[in-house]
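Close look at the chain arrangement
The lines below spell out each chain.
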Amino acid sequence: MVTLDIKFRVAREQDLDRIVEMLADDELGRKRERFEKPLPESYQKAFQAISDDPNNELIVACMGNKVIGVQQLTFIPYITHQGGWRATIEGVRTSTTERGQGIGTLMIEWAIQRAKERGCHLIQLTTDKQRPDALRFYEQLGFKATHEGLKMKLV
């Protein structure tokens, strides 16, 4: 495998178009995202809410000046586990042109390290059951399907 020079940083407002483009660039994403210019205002509002919340981080992976990956980390205090904190990883995407190079692995490893820095005792994520390759990917990185997740659409 080629050694990659990937840098991670907090997303900036000017990254938002690229982030939404990556989120919309697969079969499931095309059904739920709206990558159009200008972007719907809802994306800007969500970006601002994430940016304003010290327990949320929207992180981009960059190769040079090019944004090639994104993930959102949310840090959540719980009463369970003796009041411990956990991190949730959501919205993980890499650019379709850069897949298969280990960037996803670097992103998740970075997220795990960040969760440790924040004092989390656990890191969790969900992946759609329609993404069996993603499930295998996360399991190879040490994640285990120990719980059954349930969701309810409200809109």
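Report follows, based on the coordinates. (Residues numbered from 1 in each chain as written. Predicted model: local features only at pLDDT ≥ 70, side-chain atom pairs only at ≥ 80, totals over all residues. Heavy atoms only, no water.)

Overall, the coordinates contain 14 salt bridges when judged by the stated rule. As a salt-bridge pair, Glu 36 and Arg 34 come within 2.8 Å of each other at their nearest N and O atoms. Its salt-bridge partner being Glu 57, residue Arg 118 comes within 3.8 Å of it at the nearest N-O pair. Here Arg 118, found in the loop between α5 (103-117) and β5 (120-125), pairs with Glu 57, found in strand β2 (residues 56-63); they are 61 residues apart in sequence, far enough to count as distant. The buried category is assigned to Glu 57, whose relative accessible area is 11%. Ionic contacts of the salt-bridge type, sharing partners, join the residues Glu 57, Arg 114, Glu 117 and Arg 118 into one network. (Salt bridge = Lys/Arg side-chain N within 4 Å of Asp/Glu carboxyl O. Helix = DSSP H or I, 4+ residues; strand = E, 2+ residues; numbered from the N terminus. Buried < 20%, exposed > 50% of the residue type's maximum accessible area, 1.4 Å probe, protein only.)

Walk down a regular strand and you will see the side chains alternate between the two sheet faces. Counting buried residues along β2, seven of its eight residues qualify, which places the element largely inside the surrounding structure. Examined bridge by bridge, strand β1 (residues 6-10) and β2 share five bridges and lie antiparallel to one another. Its bridge partner lying in β2, Val 10 is registered against Ile 59. Inspection of the sheet shows β2 paired to strand β3 (residues 66-77) by eight bridges, in the antiparallel sense. Counterpart to Leu 58 in the pairing with β3 is Gln 72. From the end of β2 to the start of β3, which pair antiparallel, there are two residues, and Gly 64 there has a positive phi angle of about 65°. (Pairing = 2+ DSSP bridges.)

On to the sheet that holds β2, then. Sheet architecture is open: five strands sit in the order β1-β2-β3-β4-β5, paired in mixed fashion. What marks the edges here is a single partner per strand, and that holds for β1 and β5. Averaged over all neighbouring strand pairs, the angle between strand axes comes to 25°, with direction disregarded. Bridge count for strand β4 (residues 85-94) against β5 is five bridges, and the pairing is parallel. Paired with Trp 85 across the strands is Cys 120, a residue of β5. The strands touched by helix α1 (residues 16-23) within the sheet are β2, β3 and β4, with β3 carrying the most contacts at an inclination of about 85°. Lying over the sheet, α5 contacts β1, β2, β3, β4 and β5, oriented at roughly 30° with respect to β3. (Axes fitted to C-alpha atoms, helices over the stretch in contact; angles between N-to-C directions. Contact = heavy atoms within 4.5 Å.)

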